[in-house]
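Residue strings, one per chain:
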Amino acid sequence: MRVTKYDHALLVIDEADASLVVDPGSFTAQLPDVSRAVAVVITHEHPDHWTPEHLRAIRAAAGDIPIFGPQGVATAAADFDVTVVAPGDTQTAGPFTLRFFGGRHAVIHSSIPVVDNVGVLVNETLYYPGDSYAVPTLENGGRVPVLAAPVGAPWLKIGEAMDFVLEVAPERAFSAHEQTLSPAGLTMGRARLAWCVEQGGGTFAALDPGDSLDA
């Protein structure tokens, strides 16, 4: 399985001759080739994680593939047929088995409503929490092989992000959700997350947009 990171929150996971698209949002100016996509996962309704334009482009390229997201996504994306998922659910699409965790977005501020959010575990290998610190549990009780760890956001404090990585203790990790950071801020955030991964004997990969990691 190959994971390719694009701008901000967009991940494309490739397995065999199929792709899974995760969080194609407004901070990704241009989609990569998604013609092999068999499903889309949207972790929550905020526009930096999905746009109608990107969903239409994906459907135009790949056909009427399923879109998975929590109830908030189904409500916000009412023009699309969204399969509602919740924590504890499992879905399959092509070669991908998806398990969902969490349920709620991390708090930004008391004045801003907390929306639905699901983290997604792909093939018991890659975990992405969306905008949350929801910790997954693998079916075999082992460690998460690859973690996509948020590093920059209005809801994120780097100390809390570090605690999240320490708790998950993945074998490997890379940073995601980083468009709100300057280059210097991203370098600092990556260094903090790398330290956390290393405490559990894992390794950190500094993936820039378009970079891939084989899982």
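Keep in mind the model is a prediction, meaning the values are calculated, not measured. (Residues numbered from 1 in each chain as written. Predicted model: local features only at pLDDT ≥ 70, side-chain atom pairs only at ≥ 80, totals over all residues. Heavy atoms only, no water.)

**Focus on the sheet that holds strand β4 (residues 37–41)**
Which entries qualify depends on this criterion: Note: two strands are recorded as paired if DSSP finds a minimum of 2 bridges between them. Labels follow the DSSP assignment, with helices taken as runs of H or I lasting at least four residues and strands as runs of E lasting at least two, numbered in each case from the N terminus. For helices, the axis comes from a line fit to the C-alpha atoms of the stretch in contact; other axes are also lines fit to C-alpha atoms, and the angle between any two N-to-C directions lies between 0 and 180 degrees. It only takes one pair of heavy atoms within 4.5 Å for two residues to be counted as in contact.
Read from one edge of the open sheet, 7 strands run β6-β5-β4-β3-β2-β1-β14, paired in mixed fashion. Looking at the sheet topology across the chains shown, the edges are occupied by β6 (82–84) and β14 (212–214). On average, each strand axis in the sheet is tilted by 20 degrees relative to the strand beside it, whichever way the strands run. Note that β4 and strand β5 (residues 67–69) share 2 bridges and pair parallel. Among the inter-strand pairings, V41 is bridged to a residue of β5, identified as F68. With respect to the sheet, helix α1 (residues 52–62) is in contact with β3 (18–22), β4 and β5, its orientation differing from that of β4 by roughly 165 degrees.

**Looking at α1**
Think of an α-helix as turning once every 3.6 residues; residues three or four places apart then point the same way. Put simply, the rule is: A simple rule labels every residue: compare its accessible area, found with a 1.4 Å probe on the protein chains alone, to the largest value its type can have, and call it buried under 20%, exposed over 50%, or partly exposed in between. The arc in question is formed by the directions pointing from the helix axis toward the C-beta atoms.
Of all the residues in α1, the buried ones are H54, L55, I58 and R59. Considered in projection along α1, the buried side chains sweep an arc of 135 degrees and stay on one side of the axis. In α1, the exposed positions that point more than 90 degrees away from the buried face belong to E53 and A60. Structurally, α1 contributes buried residues whose contacts are with β3, β4 and β5. Where α1 ends, the next residue or the one after it, G63, has phi of about 95 degrees, a positive value.

**Describing the UniProt feature "domain: Metallo-beta-lactamase" (unreviewed entry) in the chain**
Formally: UniProt positions are given in the numbering used here, feature names are shortened, and annotations may be inferred rather than shown by experiment.
Within this numbering scheme, the UniProt entry marks residues 6–177 as carrying the feature "domain: Metallo-beta-lactamase" (unreviewed entry). For residues 6–177, the end-to-end C-alpha separation is 10 Å, with 16% helix and 31% strand making up the annotated structure.

**A short note on unusual backbone geometry**
A positive phi is found at E124, a non-glycine position, where the angle reads about 55 degrees. Mapped onto the secondary structure, E124 falls in the loop between β9 (116–122) and β10 (126–128). Residue E124 is classed as partly exposed on the basis of its relative accessible area, which comes to 22%. Here A169, not a glycine, exhibits a phi torsion of approximately 50 degrees, which is positive.

**Some words on the pattern of salt bridges**
The following threshold applies: For salt bridges, the criterion is a side-chain nitrogen of Lys or Arg within 4 Å of an Asp or Glu carboxyl oxygen.
For the structure shown, the criterion picks out 11 salt bridges. Across the salt bridge formed by R56 and E53, the nearest N and O atoms sit 3.9 Å from each other. Here the residue R56 and the residue E53 both occupy positions in helix α1, the gap between them amounting to 3 residues, near one helical turn. Connected through shared salt-bridge partners, K5, E178, R190 and D208 make up one network.

**So, the nonpolar core**
To keep things clear, this is the line we draw: Working definition of a nonpolar core: buried Ala, Val, Leu, Ile, Met, Phe, Trp, Tyr and Cys residues. They are joined through side-chain atoms within 4.5 Å.
The biggest cluster of nonpolar side chains holds 27 residues, and the ones touching the most others in it are I13, L20, L98, V122, L126 and F174. Residues contacting V122, with those up to four places away along its chain left out, are M1, I13, L20, F96, T97 and L98. A153, A161, F164 and A173 belong to the second largest nonpolar core, which has 23 residues in total.

**Describing the packing of helix α3 (residues 158–168) against helix α4 (residues 183–199)**
Formally: Our angle categories are set so that under 35 degrees counts as roughly parallel, over 145 as roughly antiparallel, 65 to 115 as roughly perpendicular, and the remainder as oblique. Handedness of a crossing is defined here by the sense of rotation of the near helix relative to the far one, left-handed for an anticlockwise turn of less than a right angle and right-handed for a clockwise turn. Residue polarity is assigned by list, with Asp, Glu, Lys and Arg as charged and Ala, Val, Leu, Ile, Met, Phe, Trp, Tyr, Cys and Pro as nonpolar; anything else, Gly included, falls into the polar class.
Where α3 contacts α4, the two axes come as close as 8 Å, and the packing angle between them is 25 degrees. Considered as vectors, α3 and α4 are oriented roughly parallel to each other. At the point where α3 passes α4, the crossing takes the right-handed sense. Contacts between α3 and α4 involve I158, A161, M162, V165 and L166 from the first element and G189, R192, L193, W195, C196, V197 and Q199 from the second. The residue inventory of the contact of α3 with α4, partitioned by class, reads 9 nonpolar, 2 polar and 1 charged.

**Considering the sheet that holds β10**
Reading across the sheet, the 7 strands line up as β7-β8-β9-β10-β11-β12-β13 and stay open at both edges, with mixed pairing between neighbours. Among the strands making up the open sheet, the edge pair consists of β7 (90–93) and β13 (203–205). Across this sheet, the average inter-strand angle for adjacent strands is 25 degrees, counted without regard to direction. Alignment of strand β12 (residues 172–176) against β13, held across 3 bridges, turns out to be parallel. Along β13, the bridge assignment pairs F174 with A205. Packed on one face of the sheet, α3 meets β10 and β11 (146–150) and runs near 165 degrees to β11. In this fold α4 packs onto β11, β12 and β13, with an angle of close to 155 degrees to the strand it touches most, β13.

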